[in-house]
Amino acid sequence: MKNFVLFIVLITLFSACSEVKYFKIEAKKGVIDLTTWNLERNEVIVMQGEMEFYWNELLFSSDFSNNKIKPQYNYINGSWHLNKNNPKGVKKQGFATVRFVIKLPKTDQALAIQAMPPLTASRLFINGKEIFEIGKVGKTAQTSLPKYDNKLITIETDSSELEIIYQVSNFHHIEGGMQHYLRLGNAQKMHDAHTLSEIVNILLLGIILAMSVYHFGLFFTLRKNTETLYFAIFSFLVFARMFVASNHFEVYFFNITWRWVIFTELASITVALPFFYLYFDSIFKGIIYKKVLYFVLSANFILFLFLVFSKPIFYLNYLNYFLVWMGVNAFFIIYAFSIAWIKKIEFSNIFAIGILILILTIFNDILQNKSVIESRYMTHFGWFTFMLSQVYLISKKFANAFIVSERLRTELSYINENLEKTVAERTQKISFQNKQIENQMSKLNEAYVELSENQKFKQDLMNMVVHDLKNPLGVILSTPEDGFLNGTYEKVIKSAQTMKNLVLNILDIGKYEAQKMSFTTELLYLNTELQAVLKEVEFLREEKNLEFRMHNTSNYKIKSDKNLLFRILVNLITNAIKFSPQNKSIDIKVEEYGKNELKISIIDYGEGISQENLQFIFKKFEQVKSKEVGKIQSTGLGLAFCKLATEQLGNQIGVISERNKSTEFWFTVEKVEVKIEEMTKVKIEQTSLQLKPCETNALTPFLEQLRQYEIYQFTNINEILNSIPETSESIIHWKANIHKAIIRQNNKLYQELIN
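This one's a predicted model, so the numbers in the text were calculated from it and none came from an experiment.

Participant: Give a description of the overall build of the protein chain that names residues and reports values.
Facilitator: From N to C terminus, the protein chain includes 21 helices and 18 strands. Of all 755 residues assigned to the protein chain, the portion counted as buried reaches 45%. Considering only contacts in the protein chain between residues 6 or more positions apart, those separated by 24 or more positions represent 75%. Looking at the protein chain as shown, the accessible area adds up to about 41,100 Å², and 57% of this sits on carbon and sulfur atoms.

Participant: Lay out the environment of lysine 136 in plain terms, naming residues and giving numbers.
Facilitator: Among the secondary structure elements, lysine 136 is positioned in the loop between β8 (129-134) and β9 (151-155). Overall, the relative accessible area of 43% leaves lysine 136 in the partly exposed class. Residues lysine 136 and arginine 123 lie 13 residues apart in sequence; the distance between their C-alpha atoms is 8.0 Å. Setting aside its immediate chain neighbours within four residues, lysine 136 contacts Ala121, Thr143, Ser144, Leu145 and Ser169.

Participant: Would you mind going over the nonpolar core in detail, with residue names and values included?
Facilitator: By size, the foremost hydrophobic cluster in this structure holds 58 residues, and its most contacted members are Phe351 and Phe386. Looking at this core, the element that brings in the most residues is helix α6 (residues 258-283), giving 13 residues. Residue contacts for phenylalanine 386: discarding those within four places in its chain leaves Phe234, Phe276, Phe351, Gly354, Ile355 and Leu358.

Participant: Provide a residue-level description of the packing of helix α13 (residues 526-536) against helix α15 (residues 562-578), including the pertinent values.
Facilitator: For the pair α13 and α15, interaxial distance at closest approach is 10 Å and the crossing angle is 50°. One element, α13, and the other, α15, form an angle in the oblique class. For α13 against α15, the interelement crossing comes out right-handed. Mapping the contact onto sequence places Glu529, Leu530, Ala532, Val533, Leu534 and Glu536 in α13 and Lys562, Leu565, Phe566, Leu569, Val570 and Ile573 in α15.

Participant: Hey, could you go over the packing of α15 against helix α17 (residues 637-648) for me, with residue numbers and the actual values?
Facilitator: Between α15 and α17, whose axes approach to 9 Å, the crossing angle comes to 145°. In this structure, the crossing between α15 and α17 has a hand that is left-handed. Where α15 abuts α17, its residues Leu564, Arg567, Ile568, Asn571, Leu572 and Asn575 lie against Gly638, Leu639, Phe641, Cys642, Ala645 and Thr646. Tallied by class, residues from the contact of α15 with α17 come to seven nonpolar, four polar and one charged.

Participant: Lay out the pairing of β8 with the relevant residues and their values.
Facilitator: Two strands pair when backbone bridges link them, and strand β7 (residues 121-126) and β8 are joined in this way by five bridges, in the antiparallel orientation. In the sheet register, serine 122 faces β8, and the bridge partner there is isoleucine 134.

Participant: Please provide a residue-by-residue account of α15, values included.
Facilitator: Given a rise of 1.5 Å per residue, 17 residues ought to cover 24 Å, and the 24 Å separating the end C-alpha atoms of α15 matches this to within 8%. For α15, the tally of buried residues reaches 14 of 17 residues, placing the bulk of the element in the interior. The N-cap of α15, judged by a side-chain oxygen 3.1 Å from the amide nitrogen of asparagine 563 a few residues on, is aspartate 561.

Participant: Describe the environment of glutamate 538, and please don't skip the residues or the numbers.
Facilitator: Along the chain, the position of glutamate 538 falls in helix α14 (residues 538-544). Judged by relative accessible area, glutamate 538 falls into the buried class, the value being 3%. Taking the C-alpha atoms as reference points, glutamate 538 and threonine 574, 36 residues apart in sequence, are found 9.8 Å from one another.

Participant: Which residues make up the packing of aromatic side chains, and what values do they have?
Facilitator: Applying the stated criterion across every chain yields a total of 17 aromatic pairs. Geometrically, the ring pair formed by tyrosine 54 and phenylalanine 64 is tilted, given 5.5 Å between the ring centres and 55° between the ring planes. Residue tyrosine 54 is found in strand β3 (residues 43-55), and its partner phenylalanine 64 is found in helix α2 (residues 61-64); the two are separated by ten residues along the sequence. A relative accessible area of 11% means that phenylalanine 64 is categorised as buried. Measuring from centroid to centroid gives 6.2 Å for phenylalanine 263 and phenylalanine 304, while their planes differ by 50°, and the two rings are tilted. With phenylalanine 263 in helix α6 and phenylalanine 304 in helix α7 (residues 290-308), this residue pair connects regions lying 41 residues apart in the sequence. Each residue in the set Phe236, Phe239 and Phe243 is aromatic and connected to the rest through ring pairs, giving one cluster. When the ring centre of phenylalanine 64 is taken as origin, the NZ or CZ atom of arginine 99, which lies over that ring, is 4.5 Å away. The cationic tip of lysine 599 hangs over the ring face of tryptophan 666; the distance from NZ or CZ to the ring centre is 5.0 Å.

Participant: Account for a nonpolar patch on the surface, naming residues and giving values.
Facilitator: Taken together, the side chains of Phe301, Ile302, Leu305, Val308 and Phe309 define a hydrophobic patch exposed on the protein surface, amounting to about 520 Å² of accessible area. Accessibility expressed as a relative area gives 69% for phenylalanine 309, which makes it exposed.

Participant: Go over the environment of tryptophan 260 with me, naming the residues and quoting the values.
Facilitator: Within the element layout of this structure, tryptophan 260 appears in helix α6. Accessibility expressed as a relative area gives 49% for tryptophan 260, which makes it partly exposed. Once the C-alpha coordinates of tryptophan 260 and proline 312 are considered, the two residues, 52 residues apart in sequence, prove to be 9.2 Å apart.

Participant: So what's going on with the pattern of salt bridges? Which residues, and what values?
Facilitator: All chains considered together, the criterion is met by 14 salt bridges. Across the pair aspartate 587 and arginine 549 runs a salt bridge whose closest N-O atoms are separated by 2.7 Å. One end of the pair, aspartate 587, is in strand β15 (residues 585-593); the other, arginine 549, is in strand β13 (residues 547-551), and 38 residues separate them in sequence. When its relative accessible area of 3% is taken as the criterion, aspartate 587 is described as buried. Accessibility expressed as a relative area gives 24% for arginine 549, which makes it partly exposed. Residue lysine 643 pairs with glutamate 647 through a salt bridge whose shortest N-O separation is 2.7 Å.

What counts as what
- Residues numbered from 1 in each chain as written.
- Predicted model: local features only at pLDDT ≥ 70, side-chain atom pairs only at ≥ 80, totals over all residues.
- Heavy atoms only, no water.
- Helix = DSSP H or I, 4+ residues; strand = E, 2+ residues; numbered from the N terminus.
- Buried < 20%, exposed > 50% of the residue type's maximum accessible area, 1.4 Å probe, protein only.
- Contact = heavy atoms within 4.5 Å.
- Areas by Shrake-Rupley, 256 points an atom, 1.4 Å probe, with all protein chains shown as cover.
- Core = buried A, V, L, I, M, F, W, Y, C linked by side-chain atoms within 4.5 Å.
- Axes fitted to C-alpha atoms, helices over the stretch in contact; angles between N-to-C directions.
- Parallel < 35°, antiparallel > 145°, perpendicular 65-115°, else oblique.
- Left-handed = near helix turned anticlockwise from the far one by under 90°.
- Nonpolar A, V, L, I, M, F, W, Y, C, P; charged D, E, K, R; others polar.
- Pairing = 2+ DSSP bridges.
- Expected span 1.5 Å × (residues − 1).
- Polar contact = N/O pair within 3.5 Å; in protein donor to acceptor, adjacent residues only side chain to side chain.
- Phe/Tyr/Trp six-rings, centres within 6.5 Å; stacked < 30°, edge-to-face > 60°.
- Lys NZ or Arg CZ within 6 Å of the ring centre and 35° of its normal.
- Patch = residues over 30% accessible without salt bridge, like charges linked within 9 Å, V, L, I, M, F, W, Y side chains within 5 Å.
- Salt bridge = Lys/Arg side-chain N within 4 Å of Asp/Glu carboxyl O.

Remember that the coordinates give geometry; whether it matters functionally is a separate question.
Here you go:
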């Protein structure tokens, strides 16, 4: 305990030490004479006194060059309303210019000037040159922008005099003016002192934040110890208040407004106070009456709501009442811990040391803020030492609990040694029963795992089915009443077929896995089956303007189950369409595979599949990349069905893929007869039509009418087509193609035919 007290005292003394010394110099008739000062020493001049003061005017150096402005002197004492010789009309809200001259001694050292946060915007000129601006100085509340900041700027000292013009405006605070005096001194010394102060502040902030995080973790580990939670929240709120007050928010949060700075300063204290009461009550139980505790919690909650729903210019008018309330709470806390100290409750002396240092540092900052004394702000160190004392208090409490726990553990170990013999005898009697129970538990666990897997499969299946049925159902449900006339009939049919294929995949996968699926093989012609499949997927191909390239697909004679072969090809080609980019091609190849088999390959040129994912490609719900194509998304059941169906037929299936190049899905079928032909290139929806000049002339007036309508205006187009006489086979063919384009909503083909 003595070592801890010594440590706290040393920290406080160290924090109070300052490398620079502050000296107040009075201005007389707007002049501060420093010609006899040695500014190379560690001395900072605090400038105050009788200066030129111009209310409701924003003046510049040029305004004083012609000597037309009559000097108006006033004793500047921080805020405007505190000046001794204020002219008439000075209010708390408004704008003004302060001007004075500094006579400098001869020196080769650079000087620096420091401005503390103004109320609430300021701009500084030295010898006619703008040095800095804090916020935005304006003549109205709309043109003025408040900001909470301080500046430390190195200035040029080529001349023996410095003309200081300090413009200040305030429309957002209950007090206006400089609030703090300007400071002048050796640039190197002031920057070094400022840097040291920033380092110490950041270090203290980091330590306080670490305290908060540590005690949050401690609470989540041992939830019964609520004092760690209250202290963690209290520490974080103190950190937030110190973080804002020390201007570190400027480094990390550039867009934070002055209003939020003021709100955070007051709200953090308002919210922190109830948690401090709760923390105190958890440490010294019974000292604070519950009614008092509930009253403080309710009052601070109301005060917090008052801060949230009002503007600073409003609630700052009640700042003195707020300070009185905080003072009442401070005296009550002192009274409470004094009772704890008198009763010699454990840890009360540690608490007393921390709270005493905090009160002294707060009192120091109040005097500093009121310009009664010139020193450094000490509240940061007060909070740090107070919370450090609380960390020591909590650590001491946990250490005592650990000692008690160790003592109880030792006693329990002694009792256990005497009970070991009895326990051993009884253990032998029930060991056999335990083994039986373990066996039963093992079986139950296995049954539970199997049941969980089945339940998960059921849920996954439900989610996937709902997801995949959503898009085709959307197409069907969005069909208007005249949908069949507008060419959406085929979309409805294809959407229904998509749902049917999905349902069949789900049902058949279950049958194949249970070995209950039967099939019937027959002799088939491969080319005929392929053409039927391509017609089935034509709807999807058109949406992406793809081209099917057929390689060696003459009428091979094969032996397979017609229905299963059809569905395997539909699943594989649909999968290729999904992962093919727009306006690309898909290759369908047939080649001999051994003596009695054919290898059918479907190749797309999409993104491909990575090697690590190839092993999962045929598993249920393991599609490597879910990608929307047209109006369909995949569950991965299609590929799983293809693998099960192919293997059920006694054939093989596989995949070869190279990233960003191509993906080839292949499977084998039993060959009966082979015919080899040259590679052919087929493009679905290719139309060739030639009209004679006389036929074109006959259609010209009808073409002009057709160009007035869009492809979806079926009724108007149909009336025009019905009025065209069918005088030749070419015109009949042309009208049939127009009907085909309208039914399939192929606008490209429609435009080619009418233009």
